[in-house]
Amino acid sequence: MKKSVKIIIAVVACVLVIGGVIGGYVGYELTYHPSKWLAEGDDAIADIPFEEAVENLPLLANTWQEALPQTEIYNLIQNHFDAPLPEGKTEKKAIVIGYDGCRVDNFRLIETSKRSAIKTLVDMGGQAVFSYAGGVMYPEENIQATSTAPGWCSMLIGRWANEIGVTNNGQPKPVEPKTLLLSLVEEGKAEKSAFYVSWDGHFSKKDATYINEKHYARDNGVNTVFRRALFDPGTKFNIISDLKKTDCSDFIFSTLEFTDHEGHSTGFTPANIKYVSAFRNAEDAAMDIIEAVTARKTYDTEDWLILITTDHGGYGGGHGGPTFEERMTFIVSNKPIL
Ligand SMILES: [Zn+2]
């Protein structure tokens, strides 16, 4: 190849890479900048103590003292697939949209939100309830870390994850007991399932929580997809691409990192405008996902369970501990829960 041709190829490649990086940055800023979702009064969001905030949150059908264990997610999904099909419906479907590290007192932002997936599910005839992480109800001291892997794992197996050795991140879960992603498919209640995330701790590292299940599914031909995107917009894209297929996954489990990421960077509190913005970005992405569900050509004959929940709250710049702020979570469904 001529030297001049090589130089031209190198220059074009550089321009494409630099252009892609700048374009990606500008696109991300336009789509996810904190100012996008600002509502009136957001710039002066009061720093209300958590104890006071949880007494006055809208939409919740129980009190925090009546919070359900987060393992209840497992029962809601299992019961959905076990229940007979309602009149006119021919297929069961379910999706969990997880907002990682989303404090329940973010609910006080919903009334001024331009798009709220949580409110939409309640308006569809559903319910929102307080739930809790940590193995036992607050104020009893938690026996399980309010961390990501134990939180999601407890929901996916219906038992507190520390009982099977998942006491923190970086501890691969044994294949048994299987998560709903595998068990629903193996028991024939779902034809296929999918796990969509961007966090690499779920199933993308050697010590990831579900690495053994991922290998088991591959080796035994279980129809479960484990797909990781680099960031939340990619996770949303993967979910919506699935939902656009005529024969979409029957059970989808997903986590969005907006709130956890921002909480660790700038503080878990709705008094922090960046955390507020992260919550609204999660709500916006979830709305796009719900709209993709209801836009399905076969939606009218499908019996959908749509859930939004979180694995833990947060306190200061972290979570894992025993505080009220870390322990209280929430479950929202498009169907009654209580
Ligand atoms: Zn988490």
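What comes next concerns the included structure. (Residues numbered from 1 in each chain as written. Predicted model: local features only at pLDDT ≥ 70, side-chain atom pairs only at ≥ 80, totals over all residues.)

Put simply, Tyr 138 and Pro 139 share a cis peptide bond, and its omega is 10°. Take Pro 139: it is sitting in the loop between β3 (127-132) and α5 (148-157). Here the bond from Glu 176 into Pro 177 is cis, since omega is -5°, no more than 30 degrees from zero. Mapped onto the fold, Pro 177 is located in the loop between α5 and α6 (180-186). Even without a glycine there, the phi angle at Leu 59 is positive, about 75°. The topology assignment puts Leu 59 in the loop between α2 (50-53) and β1 (68-69). The exposure class assigned to Leu 59 is partly exposed, which follows from the 19 C-beta atoms found within 10 Å. (Helix = DSSP H or I, 4+ residues; strand = E, 2+ residues; numbered from the N terminus. Buried ≥ 20, exposed ≤ 12 C-beta atoms within 10 Å, placed from the backbone.)

Bringing the environment of Trp 199 into the picture now. By the secondary structure assignment, Trp 199 is in the loop between β4 (193-197) and α7 (211-220). C-alpha separation for the pair Trp 199 and Ile 22, spaced 177 residues apart in sequence, amounts to 24 Å. Trp 199 has contacts with Thr 255 and Glu 257, leaving out every residue within four places of it along the chain. (Contact = placed C-beta atoms within 7 Å.)

Before going further, it helps to examine α7. Along α7, the residues that are buried comprise Glu 213, Lys 214 and Ala 217. Buried residues of α7, viewed axially, fall in a sector of 105°; they line one side. Facing away from the buried side of α7 by more than 90 degrees, the exposed set consists of Asp 219 and Asn 220. Tucked inside the fold, the buried residues of α7 contact α6 and β5 (224-228). Directly after α7, the chain includes Gly 221, whose backbone phi takes a positive value near 65°. (Arc of directions from axis to C-beta.)

Before going further, it helps to spend a moment on the packing of helix α9 (residues 258-266) against helix α10 (residues 273-294). Remark: α9 packs on α10, axes separated minimally by 8 Å, with the N-to-C direction vectors making an angle of 170°. The orientation of α9 with respect to α10, classified from their angle, is roughly antiparallel. Residues Phe 258, Thr 259, His 261, Glu 262, Gly 263 and Thr 266 of α9 form the contact with α10, whose own contacting residues are Lys 274, Tyr 275, Ala 278, Phe 279, Asn 281 and Ala 282. Residues that form the contact of α9 with α10 fall into these classes: five nonpolar, five polar and two charged. (Axes fitted to C-alpha atoms, helices over the stretch in contact; angles between N-to-C directions. Parallel < 35°, antiparallel > 145°, perpendicular 65-115°, else oblique. Nonpolar A, V, L, I, M, F, W, Y, C, P; charged D, E, K, R; others polar.)

This brings us to the sheet that holds strand β8 (residues 328-333). Taken in spatial order, the eight strands of this open sheet run β1-β3-β8-β7-β2-β6-β4-β5, and their pairing is mixed. For this open sheet the edge positions go to β1 and β5, each flanked by a neighbour on one side alone. (Pairing = 2+ DSSP bridges.)

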